[in-house]
Amino acid sequence: MLQSLFDGILVGSILSLGAIGLTLIMHILRFANFSHAELIALGAYFALTLDAMVSGLSATLTTRLPHLSVSVSLILAMLLSLLLTGLLAALIDKLVFKRLRENAGPLTMVFASFGIGLIVRNVIGLIYGLKSTHYSNDIAFALMVSSDPLLLIKPDQLFILVLTIVVMLALHLLITRTSIGYALLAVSENPELAQVNGINLAAMIRLAWLLGGSLAAIAGVCYALNNQLSPVMGRDLVLSLFAAAIVGGIGSIYGAALGGLIVGLASSLALLYIPTGYKPAMPFVIILLALYVRPNGLLGEER
Amino acid sequence: MNPQVLNVQSISAGYVRGMPIIHDISITTEPEEIVCIIGPNGAGKSTLLKSIAGLLPIEQGHIRLGATNISGIRTDKLSRAGVAMVPQLNNIFRTMSVEQNLLLAARRYTGNRRHRLQHMLAVFPVLDEKFKAKAGSLSGGQRQFLALAMALLAKPHLLLLDEPSAGLSPVAVDEVLGMLRSIAAEGVGILMVEQNVRAALPLSDRAYILADGRNQHEGDAQTMLNDPVLGEIYMGARRAEAHAAKPV
Amino acid sequence: MIGIISYLTFFLTIAFILAIAVLGLNLQWGFTGLFNGGIVAFFGAGAYGIVLLGGPPRVDGLGGFALPYPVALIGAILLAGALALLVGLATTRLRHDYLAIATFGVAIALETVVRNAEYLTGGAKGLRGFERPFEAMIADPFYYNLFFLLIVFMCVCAVYWFLETLVRSPFGRLLRAVRENERAARSLGKSPPAIRLTSFVLGAMIMGLSGALYATFYAFISPQDLAPILTFQIWAMLIVGGSGNNQGAIIGALVVWGSWVGSGWLLTAVAPQDIQLYAGSIQYILIGSIIVLTLLARPKGLLPEKLSQMRYTMQHSPTPGRRHET
């Protein structure tokens, strides 16, 4: 039970990071982006390559942080990866989605996002191989925090938890303390009114992609640290991300964070009662429940 | 030429290119003047306002503010040209605090923002009281004050108002519309679209009547208010409706 | 010669079975503007449905009711319709992309159930089917396959005729009205969510028919047959053929299935051994590229529906973010 709670919060915090970008884009551009989860995979794999490049620069960079399997170079690689993933997200928008929203409707963008997701996933498979891999081959031992109830925690997992909390606090400060944050909130609530109030919509859309891509990259590195890197990790996560965004309420950044935790916890606790094989269906059950019971989500507004 | 005169010349515009909703419309608004646009539902009043604000594409004609051509201007650059708009109903950010709303709007002002904000809070004291409250929790009249304050923070030469009395109680209508005279007195031209003709005409200088997306009539607001024929044609039904529409 | 003909028979049978699913999708997307992100779920419901209802009694699990073929077929189609009703009721009142998410989800959920509920579905091993209709009368497999192709072709014609009649009926005009201008349809006193739901469920039942024929043909069904790529293939078939056009949907099915089989054959025949492992990935990238590039270059496909010029602009005109972005 305690273990399930911890696992749920851990996975939930990773989902939260991924769902924030998804909910922003889904609200501002009014389309469900099925390729968003592929940004998580891209972020994780970019970090893998960059880690190899950075650690080649100097041997000291390969030093691991105390008790962790995370090296200095991996942290640097993650920072570079979040920048790269954010830029790539904005680039995909410029090349595909922007053209489609000018010439066609939101559903055409949904459609294209399916295609882009398929392409990205398989290009990753072509480049990195279909087998899963890890950042580090060292076996990380779990610490037994408590034996009854059983609670095993790996140091890396604590690192992930702290990292996601720090990132979410930083995001909270960005949107509550800076004028660019207000502008982002304004655009996500009412794009037309935001323009009337002097906000450059195109610039904010680019910012939303950059931010969404960066958060996805961090989520990707965290997910890979906790599990492994695999070309299908995006496909495995996409439904959970949508569940988080819908449960929290489309367009609400805090809702997405909350939704991520709820989906993570629900999926983890459900395994106490149902066989493991059914786990992939959990997000669908959550989505269906949310749509029947509270279609605007917990923190979303009636629209 | 006075830099603050709005001159709309024979514009046609609509939501979809090739399917204009308003045709060949011309209007002017001078500083310190309150101009009211009235007409039946679907006459194209809001469309006109939105196309002036750059929210809709203009297919023909042009719009000038003083010597500057502002036709098809990007909406977010509107305030730089000296125009501010208060859209209908959803005109504040409900999920943000009053303070955040005002700070966001103040970004457009190039002068001393703190002073400008203090000035607005003096003009609308209720906003000072509710400074930290969620904008979504404000009453209808308070929301409209916030929306007006947000528009005026940019210190515009021209203010566009889309149905400022929509959804307000009779008392709030008087309060909100009552502010307009003093706003205009500071040198601002006000162009407003209003269904509530009985409340809007008495405080307007001039009025335009729109029907089927075209100019139908233009004249002095007071004359129009007292013209029995015009009253019969354009305002008779409106008057009854305006009464009926007021929330109890 | 016999070899070529028998291969062609096999190829056409599968292509026409898939064409039925494309026609079902055309009703949903082409005529109603509904995005179905989980075609494979409704296809799968039909496939498993017919094997469960019409298959021989099982000793190791539930199912195998050995119902007469027509009864089992109708049951399978109804099962697909019921699944569509479950997701449709939750989403047709809401934002249009919620249906995309819910259908995508139902496909994953169905695959999960099929893989795990061994008692009902046989799990990863799959389910054995039953003797195909009239198989006892036509002993020669070559002639039987030709006969089966004929049945499938007749089903394609029947669905085609049904859809053509439907879209020309008053209901078809309602579909168009809902797709092109929701507000106008509402002002006519019609409920757009109810119309969307009807169209969605009908389309899903047609996909169920397609799945049922597929399981009948192979007399076997397993989770492998319900790979998510099937959804993409059906989509690619529709947009290559031109959405909103039933003839185009059938042509698209033939062209895309031909390219799929052809590219697969080519990759195994000429590609070096170490690349063969990635043949699937390359094919998937091709399918994804077909979808994205067709949407970018010609949003309406090869044979677009006539008189649909205003389609997208009318439906989505006041989209935030469409203007002022340069």
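These figures come from a predicted structure and were not determined experimentally.

## Quick look at the interface of chain B and chain A
(1) Moving on: Contacts between the two partners involve 21 residues from chain B, matched on the other side by 20 residues from chain A.
(2) Moving on: At the boundary of chain B with chain A, total buried surface from both sides reaches about 1900 Å², with 57% on carbon and sulfur atoms.
(3) Moving on: Broken down residue by residue, the surface that chain B buries against chain A is led by Asp76, Phe93 and Arg107 of chain B, which jointly contribute 28%.
(4) Moving on: In this structure, Lys50 of chain B and Glu192 of chain A form a salt bridge, with 4.0 Å as the shortest nitrogen-oxygen distance.
(5) Moving on: The interface formed by chain B and chain A holds five residue pairs in polar contact (both at pLDDT 80 or more) in total.

## A short note on the pattern of salt bridges
Residue and element names in this part refer to chain A.
(1) Moving on: Under the definition given, this model contains 13 salt bridges over all chains.
(2) Moving on: Ionic pairing is found between Glu38 and Arg121, a salt bridge with its closest N-O pair at 3.0 Å. Of the two residues, Glu38 sits in helix α2 (residues 36–55) while Arg121 sits in helix α4 (residues 106–128), which places them 83 residues apart along the sequence. A single burial state applies to Glu38 and to Arg121, both of which are buried.

## Considering the confidence of the model for chain B
Detailed reading of predicted coordinates is not advised where the pLDDT is low.
All names here are of chain B.
(1) Moving on: With 91% of its residues at a pLDDT of 70 or more, chain B has an overall mean of 86.
(2) Moving on: A low-confidence stretch, residues 236–248 (pLDDT under 50), is modelled with 14 contacts involving residues beyond four sequence positions or located in other chains.
(3) Moving on: Across the interfaces of the predicted complex, the ipTM metric reaches 0.90, alongside a pTM of 0.85.

## Observations regarding the sheet that holds strand β5 (residues 68–69) of chain B
Residues and elements named next belong to chain B.
(1) Moving on: Sheet architecture is open: four strands sit in the order β2-β1-β4-β5, paired in antiparallel fashion. Strands with a single pairing partner mark the edges of an open sheet, and in this sheet they are β2 (22–29) and β5.
(2) Moving on: Bridge analysis of strand β1 (residues 6–13) against β2 gives five bridges, and the strand direction is antiparallel. Its bridge partner lying in β2, Ile11 is registered against Ile25.

## What about the packing of α4 of chain A against helix α10 (residues 229–241) of chain C?
(1) Moving on: Contact pair α4 of chain A / α10 of chain C: the axes reach a minimum separation of 12 Å and the direction vectors enclose 125°. Taken together, the axes of α4 of chain A and α10 of chain C are oblique relative to one another. Between α4 of chain A and α10 of chain C lies a crossing whose hand is left-handed. Residues Phe111, Phe114, Gly115 and Leu118 of chain A of α4 of chain A form the contact with α10 of chain C, whose participating residues are Ile229, Phe232, Trp235 and Ile239 of chain C.
(2) Moving on: Residue composition of the contact of α4 of chain A with α10 of chain C, by class: seven nonpolar, one polar and no charged.

## Here's the deal with the packing of aromatic side chains
Residue and element names in this part refer to chain C.
(1) Moving on: Going through the model one piece at a time under the given rule, you end up with 31 aromatic pairs over all chains.
(2) Moving on: Between the aromatic rings of Trp29 and Trp235, the centroid separation amounts to 5.5 Å while the plane-to-plane angle is 80°, which identifies the pairing as edge-to-face. You can see Trp29 sitting in helix α1 (residues 2–30) and its partner Trp235 sitting in helix α10, a full 206 residues away along the chain.
(3) Moving on: The exposure class assigned to Trp29 is buried, which follows from its relative accessible area of 4%.
(4) Moving on: On the accessibility criterion, Trp235 (1% relative accessible area) is buried.

## A closer look at the sheet that holds strand β7 (residues 158–162) of chain B
All names here are of chain B.
(1) Moving on: Ordered by their spatial adjacency, six strands build an open sheet running β6-β7-β8-β3-β9-β10, and the pairing between neighbours is mixed. At either end of the open sheet lies a strand with only one pairing partner, and these are β6 (83–86) and β10 (214–220). Adjacent strand axes in the sheet meet at a mean angle of 15°, parallel and antiparallel pairs treated alike.
(2) Moving on: Bridging between strand β3 (residues 34–38) and strand β8 (residues 189–193) involves four bridges; their strand directions are parallel. Bridge assignment links Val35 to a residue of β8, and that residue is Leu191.

## Let's talk about the packing of helix α5 (residues 155–177) of chain A against helix α6 (residues 179–189) of chain A
Residues and elements named next belong to chain A.
(1) Moving on: Across the interface, α5 lies against α6 with an axial gap of 5 Å and an inter-helix angle of 85°. When the interaxial angle is binned, α5 and α6 end up roughly perpendicular. Between α5 and α6, the contacting residues are Leu174, Ile175, Thr176 and Arg177 on the first element and Ser179, Ile180, Gly181, Tyr182, Leu184 and Leu185 on the second.
(2) Moving on: Along the lines of polarity and charge, the residues of the contact of α5 with α6 split into six nonpolar, three polar and one charged.

## As for unusual backbone geometry
(1) Moving on: In this model, Arg30 of chain A sits at a positive phi of 60°, which is unusual for a non-glycine residue.
(2) Moving on: Within the element layout of this structure, Arg30 of chain A appears in the loop between α1 (2–28) and α2.
(3) Moving on: If you check the backbone angles, Leu89 of chain B has positive phi at about 55° while not being a glycine.

## Digging into the interface of chain A and chain C
(1) Moving on: At the interface, 53 residues of chain A touch 53 residues of chain C.
(2) Moving on: Taking both partners together, chain A and chain C bury about 4900 Å²; carbon and sulfur atoms supply 77% of that area.
(3) Moving on: Every element with two or more residues in the side of chain A that touches chain C is listed here: α1, α3 (72–103), α4, α7 (191–196), α8 (201–226), α9 (233–248) and α11 (282–293) of chain A.
(4) Moving on: If one sorts the elements of the side of chain A that touches chain C by residue count, α4 of chain A sits on top with 15 residues.
(5) Moving on: Among the residues forming the side of chain A that touches chain C, the class breakdown is 39 nonpolar, nine polar and five charged.

## A word on the pairing of β1 of chain B
(1) Moving on: Where β1 of chain B lies against strand β4 (residues 58–65) of chain B, six bridges are found, and the strand directions are antiparallel. Among the inter-strand pairings, Gln9 of chain B is bridged to a residue of β4 of chain B, identified as His62 of chain B.

## Thoughts on the side chain of Ser51 of chain B
All names here are of chain B.
(1) Moving on: Among the secondary structure elements, Ser51 is positioned in helix α1 (residues 45–52).
(2) Moving on: You can call Ser51 buried: its relative accessible area is 0%.
(3) Moving on: Reaching out from Ser51, the side chain makes a polar contact with the backbone oxygen of Leu48 at a distance of 2.9 Å.
(4) Moving on: If sequence neighbours within four positions are ignored, Ser51 has contacts with Ile11, Ala13, Ile22, Leu56, Ile58 and Ile63.

## Notes on α6 of chain A
(1) Moving on: α6 of chain A sits mainly inside the fold: nine of its eleven residues count as buried.
(2) Moving on: Those residues of α6 of chain A that sit buried are Gly181, Tyr182, Ala183, Leu184, Leu185, Ala186, Val187, Ser188 and Glu189 of chain A.

Reading the values: rules and limits
- Residues numbered from 1 in each chain as written.
- Chains lettered and ligands numbered in written order.
- Predicted model: local features only at pLDDT ≥ 70, side-chain atom pairs only at ≥ 80, totals over all residues.
- Heavy atoms only, no water.
- Contact = heavy atoms within 4.5 Å.
- Buried area = accessible area lost by both parts, 1.4 Å probe.
- Salt bridge = Lys/Arg side-chain N within 4 Å of Asp/Glu carboxyl O.
- Polar contact = N/O pair within 3.5 Å; in protein donor to acceptor, adjacent residues only side chain to side chain.
- Helix = DSSP H or I, 4+ residues; strand = E, 2+ residues; numbered from the N terminus.
- Buried < 20%, exposed > 50% of the residue type's maximum accessible area, 1.4 Å probe, protein only.
- pLDDT = per-residue confidence, 0-100.
- Pairing = 2+ DSSP bridges.
- Axes fitted to C-alpha atoms, helices over the stretch in contact; angles between N-to-C directions.
- Parallel < 35°, antiparallel > 145°, perpendicular 65-115°, else oblique.
- Left-handed = near helix turned anticlockwise from the far one by under 90°.
- Nonpolar A, V, L, I, M, F, W, Y, C, P; charged D, E, K, R; others polar.
- Phe/Tyr/Trp six-rings, centres within 6.5 Å; stacked < 30°, edge-to-face > 60°.

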